[in-house]
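Summary of the model geometry
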Amino acid sequence: MNENSLDTLLSKIGEFGRYQIRVITLLLLVIAFSYVASISWLFETKNLNYRCSIPECDEDVLDLKPAWWTNAIPSISNEPAKCSRFKSIGNINGTNCSSIDFDKNILLACDEYIYETSERSILQDFNLHCDENLWKLTTVGTLNSIGSLIGLPLIGILSDKYGRKTILINSILLCAISGLIRSFVNSYIFYMVMVFVDSFFNAATYTTAFTLAVEFISPKQRVIVVSLISLFYAFGGVITGTVAWLLQSWRPLLQILYGVQLLIVTYYWLLPESVRWLLIKERYLEAQKILNDIGREKQFNVPLQTLKDLQAPVDQLVDAADVNTTLKQFFKSRLCISRINNQLRGIVDQHILRFYTNGVNRSSWSTGNILRHENVWTTIYALFLIFYVQHLLHKLYFHSTRPLLAKTMHISVGKMLFCNGFFCNVCNHY
């Protein structure tokens with residue numbers, strides 16, 4: 001780590017003090033709620049179990065599989081057909097519908113439906129019943145992924161230009177507004193527009209909060225913070241799944257989870273801007289104030305000239321003329337390509353888990369929620385493993401007869417545990 005760098009300065013004035021804990025806590029809350037937009041569509045698009053309503057027989061008890069259902073509804077794999085029924089003949093009254101009351105040679109389309117549970121999804125509200133409309137349910141998840149894919153690179157450029165804090169807060173506000181609008185719409189097309197807007201701006205939430213968090217602490221503490229970020233992100237899935245299980249209706253689910261996010265407006269006064277970004281923009285007085293707040297516990301004041309003399313941060317912005325050169329250097333780096341590969345594998349695994357959870361949720365809300373709790377516990381276990389391995393290597397470094405080898409192992413394990421994302425330059429300071 002260069003002696004004349006921001007990371008060296010952070011190590012001197014405070015590696016993980018009260019001010020940094022407050023900032024990290026605010027960002028962890030943001031990261032937890034960033035999971036909402038990533039997974040809420042699973043509950044909104046739930047393909048429920050239902051059958052045709054038989055007005056001649058459905059009077060008092062509206063069961064999915066009453067005793068007479070095989071007389072009035074075709075059987076598909078021992079389950080009532082969802083979108084067809086037999087034509088009734090004669091005058092039927094009461095619930096004792098026998099086979100002679102229906103002509104099994106004539107099938108009719110359903111006018112109304114009976115559902116297995118009281119759950120509500122967009123299937124009912126937008127009339128997306130039957131196989132011919134199934135693609136409209138699955139397209140929601142596809143559009144959600146497309147919005148994130150388009151938003152990620154654009155949001156990165158905007159955060160470099162206008163600041164991490166500005167983009168983070170405005171993106172969450174726009175996510176919250178689009179989510180609330182989506183909870184009130186009665187048009188499928190307008191609903192899909194809001195899904196895209198939500199996922200587009202939500203792409204900025206996790207990555208921007210992650211970047212802010214690691215820029216506010218010294219390199220030695222970044223493994224801990226990244227582990228906490230993973231933990232709170234998983235915990236956000238637990239919150240979403242628990243609220244969905246309690247409400248079992250997509251409109252109030254969105255209204256509660258996105259309504260809470262409007263409180264992000266308070267972050268304009270609570271959250272500081274990235275010091276690294278301020279230095280890049282040569283806003284030294286603002287950077288000095290933040291660093292002095294960090295160093296207050298140690299009564300450490302940073303002279304203005306020290307900030308001006310700092311080595312340019314490794315992630316400083318590049319001019320448009322240098323973009324091609326930078327991209328060539330990036331794709332020639334085996335280290336960065338390896339990290340992208342790890343990140344892509346993580347994204348694929350995450351989406352597989354989401355789709356699997358969605359499939360499980362068709363029969364049970366609680367089972368899918370168990371899977372998200374499992375994600376939390378595996379993250380806690382990983383955090384424990386990090387501390388345990390680092391502790392052993394720390395003892396090895398100070399008590400080994402070959403300290404140079406021990407130190408190399410210590411750094412290598414730290415990089416292996418931490419450097420697995422797009423943030424290549426962070427690892428250069430480890």
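All of these numbers come straight from a predicted model, not from anything done at the bench.

1. Describing the overall build of the chain
Of the regular secondary structure elements, the chain holds 18 helices and six strands. Counting the 430 residues in the chain, one finds 47% classified as buried. For the chain, the proportion of contacts with a sequence separation of at least 24, taken over those separated by at least 6, is 73%. When the accessible surface of the chain is split by element, carbon and sulfur atoms take 60% of a total near 22200 Å².

2. Some remarks on the side chain of E119
Residue position: E119 is located in the loop between β6 (113–115) and α4 (122–125). Residue classification places E119 among the buried residues on the basis of a relative accessible area of 8%. Polar contacts involving the side chain of E119 include one to the side chain of T117, which spans 2.8 Å.

3. Some details on the state of the cysteines
Under the criterion given, the structure shown has two disulfides. Linked covalently through their sulfurs, C52 and C110 form a disulfide whose S-S length is 1.4 Å. The sign of the S-S torsion, about -55°, decides the handedness of the disulfide formed by C52 and C110: left-handed. Here the residue C52 occupies a position in strand β1 (residues 50–52), and C110 occupies one in the loop between β5 (102–109) and β6, the gap between them amounting to 58 residues. The class for C52 is buried, based on a relative accessible area of 0%. Two residues, C83 and C130, share a disulfide whose sulfurs are 2.0 Å apart. Between C83 and C130, the S-S dihedral sits near -115°, and the bridge is therefore left-handed.

4. What about a nonpolar patch on the surface?
Together, L174, I177, I181, I189, F190, V193 and L262 make up an exposed nonpolar region whose accessible area comes to about 570 Å². Counting residues per element, the ones that place at least two in the nonpolar patch are α6 (164–182) and α7 (188–215). Structurally, L174 is set in helix α6.

5. Section: the packing of helix α2 (residues 18–44) against α6
At their nearest, the axes of α2 and α6 sit 12 Å apart, and the two run at 30° to each other. One way to sum up the angle between α2 and α6 is to call them roughly parallel. Two packed elements cross with a definite hand, and for α2 against α6 that hand is left-handed. Taking contact as the criterion, the partners of L27, V30, S40 and E44 in α2 are, on α6, L168, I172 and R182. Residues that form the contact of α2 with α6 fall into these classes: four nonpolar, one polar and two charged.

6. Examining the pattern of salt bridges
The tally for this structure, following the rule as stated, stands at 11 salt bridges. The closest approach of N and O atoms between K65 and E79, which form a salt bridge, is 3.6 Å. Residue K65 is located in the loop between β1 and α3 (69–72), and its partner E79 is located in strand β3 (residues 79–80); the two are separated by 14 residues in the primary sequence. Connected through salt bridges with shared partners, the residues E44, R182 and D198 form a single ionic network.

7. Some points on helix α8 (residues 222–247)
Within an α-helix, residues lying three or four positions from one another point in the same direction, as the helix has 3.6 residues per turn. With 26 residues, α8 ought to run about 38 Å at 1.5 Å a step, and its terminal C-alpha atoms sit 37 Å apart, in line with that. Note on α8: the residue one or two positions beyond its end, Q248, has a positive phi of about 55°.

8. Comments concerning the confidence of the model for the chain
Here the chain shows a mean pLDDT of 76. Residues at 70 or above account for 69%. At the level of individual helices and strands, the chain shows its lowest average pLDDT in helix α18 (residues 424–427), which scores 38, and its highest in helix α9 (residues 250–260), which scores 94. Under a pLDDT of 50 for its full length, residues 357–364 has, in the predicted model, 14 contacts with residues more than four places off or in other chains.

9. Examining α6
In a regular helix each residue adds 1.5 Å, so 19 residues correspond to 27 Å; α6 covers 27 Å between its end C-alpha atoms and thus fits that length. Taken across its 19 residues, α6 has 14 buried, putting it largely inside the fold.

10. What to know about the nonpolar core
General note: in soluble globular proteins, nonpolar side chains tend to be found buried as a group. Ranked by size, the top nonpolar core spans 83 residues in total, and within it Y191, L291 and L307 carry the most contacts. Broken down by element, this core gets its largest block of residues, 15 residues, from α2. If sequence neighbours within four positions are ignored, L307 has contacts with L9, L279, Y284, A287, Q288, L291 and V302.

11. Observations regarding the packing of aromatic side chains
Under the definition given, this model contains 12 aromatic pairs. Consider the rings of F200 and F201, whose centres lie 5.1 Å apart with planes at 85°: the pair is edge-to-face. Among the aromatic residues, ring-to-ring pairing joins Y35, Y206, F210 and Y233 into one connected group. Its end group placed over the ring of Y188, K136 keeps NZ or CZ at 5.8 Å from the ring centre.

12. Structural notes on unusual backbone geometry
Its identity is not glycine, yet N127 carries a phi of approximately 55°, on the positive side. With respect to the secondary-structure elements, N127 resides in the loop between α4 and α5 (134–162). Residue class for N127 comes out partly exposed when judged on its relative accessible area of 48%. For C130, which is not glycine, the phi dihedral falls at a positive 75°. Mapping C130 onto the fold places it in the loop between α4 and α5.

13. Description of the environment of E79
Classification of E79 by relative accessible area gives partly exposed; the value is 37%. Taking C-alpha positions, E79 is 9.5 Å from W69, a pair spaced 10 residues apart along the chain. Every residue in contact with E79, bar those within four places of it in the chain, is listed here: K65, W69 and P74.

14. Examining the environment of E282
With respect to the element layout, E282 can be found in the loop between α11 (275–280) and α12 (284–294). As for E282 and L307, which are separated by 25 residues in sequence, their C-alpha atoms are 9.2 Å apart.

Calculation notes
- Residues numbered from 1 in each chain as written.
- Predicted model: local features only at pLDDT ≥ 70, side-chain atom pairs only at ≥ 80, totals over all residues.
- Heavy atoms only, no water.
- Helix = DSSP H or I, 4+ residues; strand = E, 2+ residues; numbered from the N terminus.
- Buried < 20%, exposed > 50% of the residue type's maximum accessible area, 1.4 Å probe, protein only.
- Contact = heavy atoms within 4.5 Å.
- Areas by Shrake-Rupley, 256 points an atom, 1.4 Å probe, with all protein chains shown as cover.
- Polar contact = N/O pair within 3.5 Å; in protein donor to acceptor, adjacent residues only side chain to side chain.
- Disulfide = S-S within 2.5 Å.
- Patch = residues over 30% accessible without salt bridge, like charges linked within 9 Å, V, L, I, M, F, W, Y side chains within 5 Å.
- Salt bridge = Lys/Arg side-chain N within 4 Å of Asp/Glu carboxyl O.
- Axes fitted to C-alpha atoms, helices over the stretch in contact; angles between N-to-C directions.
- Parallel < 35°, antiparallel > 145°, perpendicular 65-115°, else oblique.
- Left-handed = near helix turned anticlockwise from the far one by under 90°.
- Nonpolar A, V, L, I, M, F, W, Y, C, P; charged D, E, K, R; others polar.
- Expected span 1.5 Å × (residues − 1).
- pLDDT = per-residue confidence, 0-100.
- Core = buried A, V, L, I, M, F, W, Y, C linked by side-chain atoms within 4.5 Å.
- Phe/Tyr/Trp six-rings, centres within 6.5 Å; stacked < 30°, edge-to-face > 60°.
- Lys NZ or Arg CZ within 6 Å of the ring centre and 35° of its normal.

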